[in-house]
Structure formats: structure tokens, C-alpha cells
Amino acid sequence: MNKWLTAGLLACAVCLPLAAQPYGNTEDEIVIEMHGEPAAVRPSVSIWNKTAPQLTRLFRGKDRTYVLYHVENVSTKDDILASEDGKEYAYVRYGSDDGSYRKFLFKAEDPQTFVACAANIADVLAVNKKYKVNLGVDRKDFLQAYEKQATLMNLVDNTAGKTYTVYQLNYSDINNKKPSPHYFMFDQDTLVRTFAGDDAYYNFVSQISAGNKKLTVQQKAAKQQRQAQLQKERQEAQERANRPVRKALVSGGTVEDQMYMPRAVNATPLPALTPSKIPAGTPLINQ
């Protein structure tokens, strides 16, 4: 009897763990498989080993965003430029004006498509002239290319308080084969204006000269006014110094003073004299 009881208890111990398992765990496990393609590697473009014509061929028809995402370098300037006739362009520069650079010009309106690029000073001046913009020119960079050909002049603008450095150059470029007089005006080391032709430059000089003359007249008139004021002040001081001293009796005085001196009218009476504690005639010795 004990054997059968022991065998029954062992059978229950074996079956209980199987019966205690949750019903849901008997179902098959659900596996979710995800499929995808790796993102395409964006090709980077090196701009430093390419000329302006090569970059033009590479980016023609592309927009500013495309250039910024594909050039392997980070731009050093990203701005909007206004031309002399008021048209706006998007401008991106890599490098610096006084060193190695690559400069790009795009249309300002979306999608900001490529217009032109420059890789050296000759490219920059050509783009400046064609589109009437200023991509930024450093004087040292300019002189490295044109110093032997240029004539140096100074232009003084007293109204603005500046002295400009101007270089006259018989200029030609890829778009303008026939040389003609051009004037490049620098404020310290930065190009601020370019004049195409003698008439344009000397008209500007005439405006500066007129402003200088007007300022000279104003300064001369102001100087004369200051001198007149100083002269008037000197004369008044001299008159006060030469004016005779007039005395009037306020109070007291000798009998003769009371008889002959004029008396002050409405004068403030002098305070009463305080008798000295030292007898008259006593010599005083400084200790």
C-alpha cells in the first residue's frame, strides 16, 4: 500500500509544473523582420585642385544647397550681395580674401541656382565686372597680380575723414578683351569701389572735391567766428582791467571820508569790529 501511495505522489510532482504553465506560452513566437537599404554615400567634392572653369562645369545647373552639401570643406562666408543696379545674389566663400579661396555666386531667389565662381584675383575681378558686384578683394592679393601695371593715386575725402588708395589700370579680362582704363579704390586693404572708364572716376572725384570745398568753407567760417568771439572776450577783459576803481563809504570812516566820499546806497553794513586781545604795538613773533 505504501509503495502505491509513494508512486502516486511522485507522478503528481512531475505533472504539476507542466500544468502550471500559462496557456499563451504554448503558441509560436512572433518574429518581425525589418528590411531596408543602406543610405547612399554622398560624394564629396574637393575644390582646391580645380580651376574656375572646372568648377563651373561641375556645378552648372546645381543650386547653393547642393554645393554646400557636396563640397568637403566648410564655407567661411555665406551672405547676400547687392549689385550696383540693385539685383541680389547669394554669395558663398571658402578660404579667405587674403589667401587661397574659392568664391561662388548664386541667384538669390529659390532655388538659388549657380551663376559663377572665382578661384583667383583675375576671376574675382571678371565676375565683379560682369555682374556688378563686389566679391571682396584684398589689396595684397590685387598687387601680386597687377602692381607692375597699375598707377597709384590717393584720393582724400575730408567729409568722410578718409584717404583712399586708388589704382588706375588698363584692365581686360576673359569677357572684355580690349583693355580700358579702370580705377580700383581701396579703403585701407579692402576694395570698396571699381570705376570703369575715366568719366566714371573723375565724376566721383568732382563730387569728393565739391564736398571738400564745402567743408573748407564751413570750417573757415567756424574758425572766423571762434576768433571773433575770442577777440570780443579779450577786449571785455581789457576794459575791465582798465576801468578806474570807484570807492564809496559803506559805514564808519574818518571825518574827512564822511565829508567827501560818496556813500554806498543800499549796501550791506559791515560787521562790527572785534577788539583784539593783544594790546596795540605788541610785536608779534612767529614761532
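Residues numbered from 1 in each chain as written. Predicted model: local features only at pLDDT ≥ 70, side-chain atom pairs only at ≥ 80, totals over all residues. Heavy atoms only, no water.

1. Section: the environment of Tyr94
Stage number 1. Inspection of the secondary structure puts Tyr94 in strand β2 (residues 88-95).
Stage number 2. Tyr94 sits 21 residues away from Asn73 along the chain, and the two C-alpha atoms are 7.5 Å apart. (Helix = DSSP H or I, 4+ residues; strand = E, 2+ residues; numbered from the N terminus.)

2. Observations regarding the confidence of the model for the protein chain
Stage number 1. Confidence in the prediction for the protein chain averages 84 pLDDT; 77% of positions are at 70 or higher.
Stage number 2. At the low end of the mean pLDDT range in the protein chain sits helix α1 (residues 2-20), at 46; at the high end sits strand β3 (residues 101-107), at 98.
Stage number 3. Scored below 50 in pLDDT, residues 1-21 shows zero contacts in the model against residues more than four places distant or in partner chains. (pLDDT = per-residue confidence, 0-100. Contact = heavy atoms within 4.5 Å.)

3. Here's the deal with the pairing of strand β1 (residues 77-82)
Stage number 1. Pairing of β1 with β2, which is carried by six bridges, proceeds in the antiparallel orientation. Across the sheet, the residue bridging to Leu81 is Tyr89, located in β2.
Stage number 2. Hairpin connection, β1 to β2: the antiparallel pair is bridged by five residues, and Gly86 has positive phi, about 90 degrees. (Pairing = 2+ DSSP bridges.)

4. Quick notes on the sheet that holds strand β7 (residues 180-187)
Note: strands within a sheet are paired through backbone hydrogen bonds, in either parallel or antiparallel orientation.
Stage number 1. The strand order β5-β6-β7-β8 describes an open sheet built from four strands, whose pairing is antiparallel. Sheet topology places β5 (151-157) and β8 (190-196) at the edges, where each strand pairs with a single neighbour. Neighbour-to-neighbour, the strand axes of the sheet open up by a mean angle of 30 degrees, direction not taken into account.
Stage number 2. Pairing of β5 with strand β6 (residues 162-171) involves seven bridges; the strand directions are antiparallel. Within β6, the residue paired with Val156 across the bridge is Thr163.
Stage number 3. Where helix α4 (residues 121-131) meets the sheet, it contacts β6, β7 and β8, and its direction lies at approximately 95 degrees from that of β6.
Stage number 4. Those strands touched by helix α5 (residues 139-146) are β6 and β7, and its axis lies near 30 degrees from that of β6. (Axes fitted to C-alpha atoms, helices over the stretch in contact; angles between N-to-C directions.)

5. Let's talk about the sheet that holds β1
Stage number 1. The strand order across the open sheet formed by four strands is β1-β2-β3-β4, and the pairing between neighbours is antiparallel. For this open sheet the edge positions go to β1 and β4 (114-118), each flanked by a neighbour on one side alone. In this sheet, adjacent strand axes meet at a mean angle of 25 degrees when their direction is disregarded.
Stage number 2. As defined by bridge partners, β2 adjoins β3 across seven bridges and the pair is classed as antiparallel. If you follow Arg93 over to β3, its bridge partner there is Lys103.
Stage number 3. In this fold helix α2 (residues 52-59) packs onto β3 and β4, with an angle of close to 160 degrees to the strand it touches most, β4.

6. Concerning α2
Stage number 1. Taken together, the buried positions of α2 are Ala52, Leu55, Thr56 and Phe59. Seen from one end, α2 has its buried residues packed into an arc of 105 degrees, which puts them on one side.
Stage number 2. Two residues or fewer after α2 comes Gly61, characterised by a positive phi angle close to 85 degrees. (Buried < 20%, exposed > 50% of the residue type's maximum accessible area, 1.4 Å probe, protein only. Arc of directions from axis to C-beta.)

7. Details of helix α6 (residues 198-242)
Stage number 1. Taking 1.5 Å as the rise per residue, α6 with 45 residues should run 66 Å; its terminal C-alpha atoms sit 65 Å apart, in good agreement.
Stage number 2. Inspection of α6 places Tyr201, Phe204, Val205, Ile208 and Asn212 among the buried residues, and these make up the whole buried set.
Stage number 3. Packed against the buried residues of α6 are β5, β6, β7 and β8. (Expected span 1.5 Å × (residues − 1).)

8. Topic: the nonpolar core
Stage number 1. One finds Leu105, Leu125, Tyr131, Leu135, Val137, Phe142 and Phe184 to be the most contacted residues of the largest nonpolar core, which totals 27 residues.
Stage number 2. Broken down by element, this core gets its largest block of residues, six residues, from α4.
Stage number 3. For Leu105, the residues in contact, after removing those within four places along its chain, are Leu81, Tyr89, Ala90, Phe114, Val115, Ala116, Val127, Tyr131, Val133 and Leu135.
Stage number 4. Listed in part, the 15 residues of the second largest apolar core include Val45, Ile47, Leu55 and Phe114. (Core = buried A, V, L, I, M, F, W, Y, C linked by side-chain atoms within 4.5 Å.)

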